[in-house]
Amino acid sequence: MDLLSLLEAFCPLNNHEEQLKTRFMAFVKSTPHCFKREHLAGHVTGSAWLLNPAKTHVLLTHHKKLDKWIQLGGHADGNPHILETCLREAQEESGILSITPLSPQILGIDIHLIPARKDEPEHFHYDVNFPFVANTDKFIVSEESNNLAWVKIEDILTGNYENSLKRLAQHWQILSQKTLPS
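All of these numbers come straight from a predicted model, not from anything done at the bench.

**Observations regarding the side chain of Thr-85**
Phase 1: Position of Thr-85 relative to the elements: it lies in helix α3 (residues 82-94).
Phase 2: Setting aside its immediate chain neighbours within four residues, Thr-85 contacts Gly-46, Gly-74, His-75, Ala-76 and Asn-79.

This is the structure we're talking about:
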């Protein structure tokens, strides 16, 4: 399914997410090369809500460049099949190769500003997130991370985490109440 169709099917939690969805869709419609990181105003990225086998914890990375705890993810590098991007990034950043998508539908979206670095200007990441489950809880910390950690989903909701992570946790609670594969 193409990204616009996936975005159209995404159900926002609140007015803020409705505005994100509208802005995201307008960006994709108006930007033919939205999946290429060379598009310096902004580009589509993909991230993974990677759950442990028991689906009680999510794997977060303490990102070196951003210096904060976030979900695994990265650039689409021109690939319009964003679910594939999310899976690839989760595998690369965790070292876990056995990962299964839990839903073909978007779990969450976010638009965030990436600060300027070296020869790269400030730009926006239009991030799409899908849920996955790892078939192991063993991981390897990649060079992009200071550390990785399995974090209880409830702790994300109540702890000092980014609002985008809190929204993903809320979406996960709603989705997990529906029938999902074990």
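So that's the structure; there's more coming.
**Comments concerning the packing of aromatic side chains**
Phase 1: On inspection of all chains with the given rule, the structure shows 3 aromatic pairs.
Phase 2: Summarising the aromatic geometry, the rings of Phe-24 and Tyr-126 are spaced 5.5 Å apart at their centres and angled 75 degrees between planes, so their arrangement reads as edge-to-face. One end of the pair, Phe-24, is in helix α2 (residues 15-30); the other, Tyr-126, is in strand β6 (residues 123-134), with 102 residues separating them in the sequence. Taken as a pair, Phe-24 and Tyr-126 share a single burial class, namely buried.
Phase 3: Note that Arg-23 overlies the ring of Phe-124, its terminal NZ or CZ placed 4.8 Å from the centroid.

**Quick notes on the state of the cysteines**
Phase 1: Applying the stated criterion to the full structure yields 0 disulfides.
Phase 2: As a non-bridged cysteine, Cys-34 has Cys-86 as the owner of its nearest cysteine sulfur, 14 Å distant.
Phase 3: Residue classification places Cys-34 among the buried residues on the basis of a relative accessible area of 2%.

**Some remarks on the nonpolar core**
Phase 1: Counting residues in each nonpolar core, the largest one holds 32 residues, and the members touching the most others are Leu-3, Phe-24, Val-44, Leu-50 and Ile-106.
Phase 2: Of all the secondary structure elements, the ones that give two or more residues to this core are α1 (3-9), α2, β1 (42-51), α3, β5 (108-114), β6 and β7 (145-152).
Phase 3: In this structure Leu-50 touches His-57, Val-58, Leu-59, Leu-72, Ala-90, Ser-94, Ile-96, Ile-99, Phe-132, Val-133, Ala-134 and Trp-150, once residues within four positions along its chain are discounted.
Phase 4: The next biggest cluster of nonpolar side chains, apart from the first, holds 15 residues, and it includes Trp-49, Leu-102, Val-133 and Leu-175.

**Description of the layout of surface pockets**
Phase 1: Within this model, the largest pocket holds a volume of roughly 860 Å³.
Phase 2: In terms of lining residues, the largest pocket is bounded by 36 residues, among which His-63, Leu-66, His-75, Ile-114 and His-125 are the most central.
Phase 3: Secondary-structure elements contributing two or more residues to the lining of the largest pocket are β1, β2 (57-63), β3 (68-75), α3, β5, β6 and α5 (163-177).
Phase 4: Classifying every residue of the lining of the largest pocket by side-chain character gives 6 nonpolar, 13 polar and 17 charged.
Phase 5: Considering only enclosed or pocket space, the second largest pocket measures out at about 260 Å³ in volume.
Phase 6: Residue lining of the second largest pocket: Ala-9, Phe-10, Cys-11, Leu-13, Ser-103, Gln-105, Ile-106, Leu-107, His-171, Ile-174, Leu-175 and Lys-178, and that is the complete set.

**Focus: unusual backbone geometry**
Among all residues save glycine, negative phi is the norm, and among peptide bonds the norm is trans.
Phase 1: With phi around 60 degrees, Lys-55 is a residue other than glycine that occupies positive phi space.
Phase 2: Relative to the helices and strands, Lys-55 is located in the loop between β1 and β2.
Phase 3: A positive phi angle is found at Lys-118, which is not glycine, with a value near 45 degrees.
Phase 4: Relative to the helices and strands, Lys-118 is located in the loop between β5 and β6.

Definitions and cut-offs
- Residues numbered from 1 in each chain as written.
- Predicted model: local features only at pLDDT ≥ 70, side-chain atom pairs only at ≥ 80, totals over all residues.
- Heavy atoms only, no water.
- Helix = DSSP H or I, 4+ residues; strand = E, 2+ residues; numbered from the N terminus.
- Contact = heavy atoms within 4.5 Å.
- Phe/Tyr/Trp six-rings, centres within 6.5 Å; stacked < 30°, edge-to-face > 60°.
- Buried < 20%, exposed > 50% of the residue type's maximum accessible area, 1.4 Å probe, protein only.
- Lys NZ or Arg CZ within 6 Å of the ring centre and 35° of its normal.
- Disulfide = S-S within 2.5 Å.
- Core = buried A, V, L, I, M, F, W, Y, C linked by side-chain atoms within 4.5 Å.
- 1 Å grid on protein atoms, 1.4 Å probe; cavity = no way out; pocket = protein on both sides within 12 Å on 5 of 7 lines; lining within 4 Å.
- Points joined across faces, edges and corners; volume = space filled by probe spheres on them.
- Nonpolar A, V, L, I, M, F, W, Y, C, P; charged D, E, K, R; others polar.

Treat this as a map of the structure, not an account of what it does.
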